[in-house]
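# Topology and contacts: notes
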Amino acid sequence: MEIKDIQEIVSTSRASQNVAELTALLYEVEQIMPKVIVEIGVHQGYSLEVWKKAWPEAEVIGIDIDTKALDMKAVDGCKIIQGDSHLDKIEKRLQKMLKGRFIDFLFIDGDHTYEGVRRDFELYAPTVSQGGIVAFHDAYIVDNPSVEVHKFWEQAATLSRNTITVGQGGTGTGILYL
């Protein structure tokens, strides 16, 4: 994908991420050319739409406990699993879809409590390919007691020698390279 393509995708995006943060994330993920993308916590589906536009040949799967707000046009071409991402049965449903393949890019943006982020990481990170990426959205929010992503990110960042954070001007995304 060319730089102009990333700029165009971001400029037309309806995703809630800060523009600079989303642009930086796309540049990082582009390096691995993902074939399988999984997002936990899809809300309206606008970031799924971004992943599908950026990597149209990739299989893009979203997991969310509540899909009422989902914009079905935005997620056209994506697969959706409705259910609590913390449950083993939802992880098993994903495994069945994957048919033995690994996740190249895992975007965690669901339950923002420490325990919720930890559980999503523990359940799904083992399925991320070697050289794959796990990204934690909202990793810089520290002044909202209901958002504890930063607490888990501080620990997760020690699991790899290759980590970066993007979007210091926004809510931040922590990127862990496995």
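For clarity, every value in this text was computed on a predicted model and none was experimentally measured. (Residues numbered from 1 in each chain as written. Predicted model: local features only at pLDDT ≥ 70, side-chain atom pairs only at ≥ 80, totals over all residues. Heavy atoms only, no water.)

The next subject is the overall build of the protein. Across its full length, the protein carries six helices and seven strands. Put simply, the protein runs from its N terminus to its C terminus through helices and strands in the order α-α-β-α-β-β-α-β-α-β-α-β-β. In terms of overall size, the protein behaves like a compact globule, its C-alpha atoms giving a radius of gyration of 15 Å where 178 residues would be expected to give roughly 16 Å. With respect to the three principal axes, the spread of C-alpha positions in the protein is 35 × 35 × 35 Å. Sorting the 178 residues of the protein into buried and exposed places 54% on the buried side. Contacts in the protein between residues at least 24 apart in sequence constitute 63% of all its contacts with a sequence separation of at least 6. Accessible area for the protein stands at about 8700 Å²; split by element, carbon and sulfur atoms hold 52% of it. Within the protein, the 27 negative side-chain charges are centred at a point lying 8 Å from the centre of the 18 positive side-chain charges. (Helix = DSSP H or I, 4+ residues; strand = E, 2+ residues; numbered from the N terminus. Rg over C-alpha atoms; globule rule 2.2 N^0.38 Å. Buried < 20%, exposed > 50% of the residue type's maximum accessible area, 1.4 Å probe, protein only. Contact = heavy atoms within 4.5 Å. Areas by Shrake-Rupley, 256 points an atom, 1.4 Å probe, with all protein chains shown as cover. Lys, Arg positive; Asp, Glu negative; His and termini not counted. Charge placed at Lys NZ, Arg CZ, Asp CG, Glu CD.)

Our focus in this paragraph is the environment of P126. With respect to the helices and strands, the residue P126 is situated in the loop between α5 (114–124) and β5 (128–137). Owing to a relative accessible area of 60%, P126 belongs among the exposed residues under this scheme. Separated by 108 residues in the primary sequence, P126 and N18 have C-alpha atoms spaced 28 Å apart.

Turning our attention to the sheet that holds strand β4 (residues 103–108). If you trace the seven strands from one edge of the open sheet to the other, you get β3-β2-β1-β4-β5-β7-β6, paired in mixed fashion. Two strands lie at the open edges of the sheet, namely β3 (79–82) and β6 (163–166), each paired on one side alone. Between one strand axis and the next, the sheet turns through 15° on average, direction left out of account. With five bridges connecting them, strand β1 (residues 36–40) and strand β2 (residues 59–64) associate as parallel partners. Within the sheet, the bridge partner assigned to I37 lies in β2 and is V60. The strands touched by helix α6 (residues 149–156) are β5, β6 and β7 (173–177); relative to β5, the strand with the most contacts, the crossing angle is about 150°. (Pairing = 2+ DSSP bridges. Axes fitted to C-alpha atoms, helices over the stretch in contact; angles between N-to-C directions.)

Here the focus is the pairing of β2. Of all six residues that make up β2, six are buried, and the element is covered over most of its length. The side-chain alternation of β2 yields two buried faces, one formed by E59, I61 and I63 and the other by V60, G62 and D64. On the question of chirality, the crossover connecting β1 to the parallel β2 by way of helix α3 (residues 46–54) is right-handed. (Right-handed = clockwise from strand over helix to strand, strands pointing away.)

A word on α6. Among the residues of α6, those classed as buried are V149, H150, F152, W153 and A156. Around the axis of α6, the buried residues are gathered within 160° of arc, so they sit on the same side. Lining the buried residues of α6 we find α5, β5, β6 and β7. (Arc of directions from axis to C-beta.)

The next thing to look at is the environment of K53. Position of K53 relative to the elements: it lies in helix α3. What makes K53 partly exposed here is its relative accessible area of 42%. Measuring from C-alpha to C-alpha, the distance between K53 and G41 comes to 19 Å, with 12 residues separating the pair along the chain.

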